[in-house]
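# A look at the structure
Here is how the chains run, residue by residue.
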Amino acid sequence: MEDLTSPLQDVRGAECAADTTDDALLRQFAGGDAVAARQLTDRLGPRCFSVAMRMLGNRAEAEDVTQDAMMRLWQMAPKWVPGQAKVSTWLYRVTLNLCVDVQRKKRPDRLDDVPEPEDEDLSATERLQEAARKDALQSALSQLPDRQRQAVILRHIEELPNPEIAGIMGISTEAVESLTARGKRALAAILAGRQDELGYEDG
């Protein structure tokens, strides 16, 4: 009979972990709690990797950036001052800076994108066209100034709200809106004249 309470305790424990703030988990890790580190990694690691993957277009590099960013988070943990910023905002900022460092070392004329699973419903011609579109977008993104590229990716690919992006980038919401608008115009200019090649309708 005593075993009947165990599943309820597990559920309550999981709920408590889900309700624990990033700040609290980071403080617990700094105090030597390895479980808190795993929970924070499970919560923030995928977000960090997603942004790195969008910025770099290369899985191996995105994994390296994610590992480096999380390592810096652990190193910073003992010095963290709760309330001065969100842990996720700090981590996004570090991730973006690491991505910029990687981008500056890469050749802009050659992108090693990781192949994505092919859509079985697409013909060979359609798959080639879809790959060309992705390559064109990634190439165009790589030609944007760093801050414009970050704003466009966070807003239109990661779909984060402008106030959150402002916190991540350390700028005002108005500056985010300006960077995003300029980035979109720059992308349109870079891709101008390639509608037929990429299979887009003129509009």
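Residues numbered from 1 in each chain as written. Predicted model: local features only at pLDDT ≥ 70, side-chain atom pairs only at ≥ 80, totals over all residues. Heavy atoms only, no water.

### Some details on the environment of L98
For clarity, the cut-off: Segments assigned H or I by DSSP are reported as helices when at least four residues long, segments assigned E as strands when at least two residues long, and all are numbered from the N terminus. Using a 1.4 Å probe on the protein chains alone, a residue whose accessible area is under 20% of its type maximum counts as buried, one over 50% counts as exposed, and one in between counts as partly exposed. Residue contacts are defined here by distance: any two heavy atoms, one from each residue, within 4.5 Å place the two residues in contact.
Structurally, the position occupied by L98 is in helix α5 (residues 87-105). Of the residues examined, L98 reaches a relative accessible area of 7% and is grouped as buried. Considering only alpha carbons, one finds L98 and V65, 33 residues apart in sequence, at a separation of 6.3 Å. With residues up to four places along the chain from it excluded, the contact list for L98 reads V65, D68, A69 and R72.

### Section: the packing of aromatic side chains
Operational definition: To pair, rings of Phe, Tyr and Trp, with the six-membered ring standing in for Trp, must have centres within 6.5 Å; the planes then decide the type, stacked if under 30 degrees apart, edge-to-face if over 60, and tilted in the middle.
By the definition in use, this model includes one aromatic pair. A centroid spacing of 4.6 Å and a plane angle of 45° characterise the contact between F29 and W74, whose relative ring orientation is tilted. Of this pair, F29 sits in helix α2 (residues 22-30) while W74 is found in helix α4 (residues 59-76), placing the two residues 45 residues apart along the sequence. Judged by relative accessible area, W74 falls into the buried class, the value being 18%.

### Section: the pattern of salt bridges
For clarity, the threshold we go by: For this analysis, a salt bridge means a side-chain nitrogen from Lys or Arg found within 4 Å of a carboxyl oxygen belonging to Asp or Glu.
Per the counting criterion, the structure on display carries four salt bridges. Taking the shortest distance from any N to any O, the salt bridge between R72 and D68 comes out at 3.2 Å. Here the residue R72 and the residue D68 both occupy positions in helix α4, the gap between them amounting to four residues, near one helical turn. Take R72: its relative accessible area is 37%, and that puts it in the partly exposed class. A salt bridge links D146 to R149; its shortest N-O distance comes to 3.0 Å. Linking D146 with R149, this pair stays in helix α7 (residues 146-157), spanning three residues, or about one helical turn. Using a relative accessible area of 22% as the deciding quantity, one classes D146 as partly exposed. One salt-bridge network, held together by shared partners, links R104, D146 and R149.

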